[in-house]
Amino acid sequence: MSQLCPCGSGQEYSLCCQPYLRADQLAPTPSQLMRSRYSAYVMQDADYLVATWYPQTRSPALTTDLLGSFGNTHWLGLTVYEAAAGENENEGYVSFVARFEEQGKESAIIERSRFLKENGRWYYVDGTRPQFGRNAPCPCGSGKKYKKCCG
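Rules used throughout
- Counting restarts for each chain: residues are numbered from 1 in the order of the written sequence.
- Reporting in this predicted model follows two pLDDT cut-offs: at least 70 for local features of residues, and 80 or more for side-chain atom pairs to be given and counted; totals over whole chains, interfaces and linings ignore these cut-offs and use all residues.
- Side-chain descriptors were evaluated using all non-hydrogen atoms of the structure, hydrogens and water having been removed beforehand.
- The nonpolar core is taken to be a set of buried Ala, Val, Leu, Ile, Met, Phe, Trp, Tyr and Cys residues, with the residues joined through side-chain atoms within 4.5 Å.
- Partly exposed residues are those whose accessible area sits between 20% and 50% of the maximum for their type, while under 20% is buried and over 50% is exposed, using a 1.4 Å probe and protein chains only.
- Starting at the N terminus, helices and strands are each numbered in turn, a helix being any DSSP run of H or I of at least four residues and a strand any DSSP run of E of at least two.
- When the centres of two rings from Phe, Tyr and Trp lie within 6.5 Å, Trp using its six-membered ring, the rings pair. Their planes under 30 degrees apart give stacked, over 60 give edge-to-face, and anything left gives tilted.
- Two joining distances apply to patches: 9 Å for like charges and 5 Å for nonpolar side chains (Val, Leu, Ile, Met, Phe, Trp, Tyr), and every residue must have over 30% relative accessible area and no salt bridge.
- Computed with the Shrake-Rupley method and a 1.4 Å probe, the accessible areas treat only the protein chains shown as cover for residues.
- We count a salt bridge whenever a side-chain nitrogen from Lys or Arg sits within 4 Å of a carboxyl oxygen from Asp or Glu.
- Charge assignment in this entry is limited to Lys and Arg as positive and Asp and Glu as negative, and neither His nor the chain termini are counted.
- We put the charge of a Lys on NZ, of an Arg on CZ, of an Asp on CG and of a Glu on CD.
- At least two DSSP bridges between two strands are needed for those strands to be called paired.

## Quick notes on the nonpolar core
Move 1: Counting residues in hydrophobic clusters, the biggest one holds 29 residues, and the most contacted among them are Cys-17, Leu-66 and Phe-115.
Move 2: Only helix 1 (18-21), helix 2 (30-43), helix 3 (46-51), helix 4 (62-70), strand 1 (73-85), strand 2 (91-102) and strand 4 (121-128) provide two or more residues apiece to this core.
Move 3: Counting residues in each nonpolar core, the second largest holds six residues, with Ala-108, Ile-110, Cys-138 and Tyr-146 among its members.

## Regarding the packing of aromatic side chains
How two aromatic rings sit relative to each other is given by the distance of their centres and the angle of their planes.
Move 1: Evaluation of the coordinates by the stated rule reveals six aromatic pairs.
Move 2: A centroid spacing of 6.1 Å and a plane angle of 70° characterise the contact between Tyr-54 and Tyr-123, whose relative ring orientation is edge-to-face. Separated by 69 residues along the polypeptide, Tyr-54 in the loop between helix 3 and helix 4 and Tyr-123 in strand 4 bring together distant segments of the chain. By the burial criterion, Tyr-54 is buried, and Tyr-123 matches it.
Move 3: Aromatic pair Trp-75 and Phe-100: ring centres 5.4 Å apart, planes at 55°, arrangement tilted. You can see Trp-75 sitting in strand 1 and its partner Phe-100 sitting in strand 2, a full 25 residues away along the chain. Here Trp-75 matches Phe-100 in class, with each residue buried.

## Details of a positive patch on the surface
Move 1: Together, Arg-134, Lys-145, Lys-147 and Lys-148 give the surface a local cluster of positive charge.
Move 2: Of note, Lys-145 is situated in the segment after strand 4.
Move 3: Among the residues examined, Lys-145 registers a relative accessible area of 41% and is labelled partly exposed.

## Focus on the pairing of strand 4
Looking along a regular strand, one sees the side chains alternate between the two faces of the sheet.
Move 1: Taken together, the seven bridges between strand 3 (residues 105-118) and strand 4 define a ladder with antiparallel strand orientation. Its bridge partner lying in strand 4, Arg-114 is registered against Asp-126.
Move 2: The loop that links strand 3 with its antiparallel partner strand 4 comprises two residues; one of these, Asn-119, has a positive phi angle of about 50°.

Structural measurements only, silent on function.
Structure below.
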């Protein structure tokens, strides 16, 4: 029986993010790397998350921190709402909302992630939280105002 990819693409996992998590292929774009990293969080694959984190910004405690977070977090869905080029072909940005539940409380990570490409491979570098007006539509796609949803 086929399984849909956790990244929300609507594709089968085996045809979407699984080849990246298995290291059979490299994610070809920042957007696909973002989606595969979300899938790695859902699948609790700390090795993939560490391997795709830019080495110069990777914390020495990253693996331990990731493993410690897995048991408390249930991922609910990913919405990628923007992908943008950076200053050159080796930089890209992906804006997303990742919804999750921890200890019975729903929350969301809203981030504009920065990615760099080195030696033909994309890496997650860092992210910032975009600013939205309270009455702006929520970027998660719910149709609600930001203040009544993820804000």
